[in-house]
Amino acid sequence: MKNILIVGASNHGKVIADIVMKEERYKVVGFLDSQKEPGTIIAKVPVLGCEEDLKKIKTAHNIYGIIIGIGLNHVRESVYEKIREYCPEIVFVTAIHPSASIASEVYIGEGTVIMSGVSVNTQSSIGRFCIINTNASVDHDNKIGDFASLAPGVVTGGNVKVGRMSAVSLGANIIHGRSIGEHTVIGAGATVLKDIPESVVAYGTPAKVVRKREYNEPYL
Ligand SMILES: CC(C)(COP(=O)(O)OP(=O)(O)OC[C@H]1O[C@@H](n2cnc3c(N)ncnc32)[C@H](O)[C@@H]1OP(=O)(O)O)[C@@H](O)C(=O)NCCC(=O)NCCS
């Protein structure tokens, strides 16, 4: 098995470590996290240092690849850019829980994490560095943009588009054929019946735009 690191030793990082262990494609040899002391053990895996130490740690531990274990979409993107700068040759691998059901002709981009119980139906495309969280259901012909996230229990109908960096929150439903713009947050429990534009927060049943949002506003 090839060795990998997880960047971010938070709860999200811990869940990813568990998926990788169950998947048995890679071995997680450590976390990188600037806010935790090197040597701290999280879920039996040590923190080895921070992003700045990547090059050194890569050589010392024969590291093949990385997963960015950071939940907030804009933070995940900025960490990605930093890592690219420190170590341009590193490979970004995916983590797909063995209980996930991925249909044929589904594309899954580099760095994406797919959690337990997820279903992705045929001819859907999940972009790079996405999070498809526990028990989310993505129907056929969806297009989920890079750095976007679907929270636990999200359900999308067929032909749905979710824009780059957008977050669909816990248990939200999006009916078939609707589009969510980039950098938008769909609130928990929303039912999306109409297209939702970019850079807004929308929630409710039916979902309505409640305000504009900056791309780096937290939502978790
Ligand atoms: C949409 C969201 C980001 C909050 O947006 P916000 O603008 O900061 O909202 P606030 O918390 O300030 O609440 C403002 C009002 O909107 C209401 N509201 C907030 N989110 C709502 C939602 N999803 N559905 C219905 N009403 C909502 C609040 O009850 C509050 O109403 P009040 O003024 O009558 O008390 C948040 O509700 C949400 O859904 N977060 C995602 C959580 C999640 O999915 N976590 C997953 C972890 S994996």
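Structural notes, computed from the coordinates. Keep in mind the model is a prediction, meaning the values are calculated, not measured. (Residues numbered from 1 in each chain as written. Predicted model: local features only at pLDDT ≥ 70, side-chain atom pairs only at ≥ 80, totals over all residues. Heavy atoms only, no water.)

1. Some details on the nonpolar core
Step number 1: I132, I144, L150, V162, V168 and I186 are the most contacted members of the largest nonpolar core, which has 28 residues in total.
Step number 2: For I144, the contacting residues outside a window of four places in its chain are S125, I126, G127, C130, I132, L150 and V162. (Core = buried A, V, L, I, M, F, W, Y, C linked by side-chain atoms within 4.5 Å. Buried < 20%, exposed > 50% of the residue type's maximum accessible area, 1.4 Å probe, protein only. Contact = heavy atoms within 4.5 Å.)

2. Notes on the packing of aromatic side chains
Step number 1: Following the criterion strictly, the structure yields six aromatic pairs and no others.
Step number 2: Judged by centre distance (4.7 Å) and plane angle (50 degrees), the ring pair of Y80 and F129 falls under tilted. Pair noted here: Y80 is in helix 3 (residues 73-86) and F129 is in the loop between strand 12 (125-126) and strand 13 (131-132), with a separation of 49 residues, a long-range link. The exposure classification of Y80 matches that of F129, with both residues buried. (Phe/Tyr/Trp six-rings, centres within 6.5 Å; stacked < 30°, edge-to-face > 60°. Helix = DSSP H or I, 4+ residues; strand = E, 2+ residues; numbered from the N terminus.)

3. Looking at the environment of P98
Step number 1: On the secondary structure map, P98 appears in the loop between strand 7 (95-96) and strand 8 (101-102).
Step number 2: C-alpha of P98 to C-alpha of P152: the two residues are 54 residues apart in sequence and 17 Å apart in space.
Step number 3: Those residues in contact with P98 that lie beyond four places of it in its chain are K22 and E23.

4. Here we look at the site of the ligand
Step number 1: For the ligand, the full set of nearby residues is N133, A151, P152, S169, L170, G187, A188, V201, Y203, R211, Y219 and L220.
Step number 2: L170 is positioned with one of its backbone polar atoms (N or O) 2.8 Å from an oxygen atom of the ligand.
Step number 3: Here an oxygen atom of the ligand and a side-chain polar atom of R211 are 2.9 Å apart.
Step number 4: With the chains in place, 44% of the 920 Å² that the ligand exposes on its own is no longer accessible.
Step number 5: Residues of the shell around the ligand, tallied by class, amount to eight nonpolar, three polar and one charged. (Near = heavy atom within 4 Å. Polar contact = N/O pair within 3.5 Å; in protein donor to acceptor, adjacent residues only side chain to side chain. Areas by Shrake-Rupley, 256 points an atom, 1.4 Å probe, with all protein chains shown as cover. Nonpolar A, V, L, I, M, F, W, Y, C, P; charged D, E, K, R; others polar.)

5. Topic: the layout of surface pockets
Step number 1: Approximately 520 Å³ is the volume found for the largest pocket.
Step number 2: If you trace the largest pocket, you find 30 residues lining it, with S10, G69, I70, G71 and L72 closest to the centre.
Step number 3: Breaking the lining of the largest pocket down by element, the ones donating at least two residues are helix 1 (11-23), helix 3, strand 16 (149-150) and strand 19 (167-168).
Step number 4: For the lining of the largest pocket, the element with the highest residue contribution is helix 3, accounting for three residues. (1 Å grid on protein atoms, 1.4 Å probe; cavity = no way out; pocket = protein on both sides within 12 Å on 5 of 7 lines; lining within 4 Å. Points joined across faces, edges and corners; volume = space filled by probe spheres on them.)

6. So, helix 1
Step number 1: Taking 1.5 Å of rise per residue, 13 residues should cover 18 Å, and helix 1 covers 19 Å from first to last C-alpha, within 8% of that figure.
Step number 2: Looking at helix 1, one finds that the buried residues are H12, G13, I16, A17, I19, V20 and E23. Buried residues along helix 1 cover an arc of 160 degrees about the axis, so they all sit on one side.
Step number 3: The inward-facing, buried residues of helix 1 contact strand 1 (2-7), strand 2 (26-32), strand 5 (63-68), strand 7, strand 10 (113-114) and strand 13.
Step number 4: Backbone geometry just after helix 1 places E24 at a positive phi near 55 degrees. (Expected span 1.5 Å × (residues − 1). Arc of directions from axis to C-beta.)

7. Concerning unusual backbone geometry
Step number 1: Residue P206 is bonded to the preceding T205 through a cis peptide linkage, with omega at -5 degrees.
Step number 2: Of note, P206 is situated in the loop between strand 24 (200-203) and strand 25 (208-212).
Step number 3: Positive phi, close to 55 degrees, is recorded for E24, a residue that is not glycine.
Step number 4: Given the relative accessible area of 59%, E24 is considered exposed.

8. Some points on the sheet that holds strand 21 (residues 179-180)
Through backbone hydrogen bonds, the strands of a sheet pair up, either in parallel or in antiparallel fashion.
Step number 1: Spatially, 9-12-15-18-21 is the arrangement adopted by the five strands of the open sheet, whose pairing is parallel. Taken across any chain shown, the strands that pair with only one partner, and hence form the sheet edges, are strand 9 (107-108) and strand 21.
Step number 2: Alignment of strand 15 (residues 143-144) against strand 18 (residues 161-162), held across two bridges, turns out to be parallel. Each residue of the ladder has a partner; that of I144, found in strand 18, is V162. (Pairing = 2+ DSSP bridges.)

9. Looking at the pairing of strand 4 (residues 45-49)
Step number 1: Relative to strand 4, strand 2 is paired through two bridges, and the arrangement is parallel. Paired with F31 across the bridge in strand 4 is V47.
Step number 2: Relative to strand 4, strand 3 (residues 41-42) is paired through two bridges, and the arrangement is antiparallel. By the bridge assignment for strand 4, I41 is matched with P46.
Step number 3: As consecutive antiparallel partners, strand 3 and strand 4 are separated by two residues, and within that stretch A43 has a phi angle of approximately 50 degrees, a positive value.

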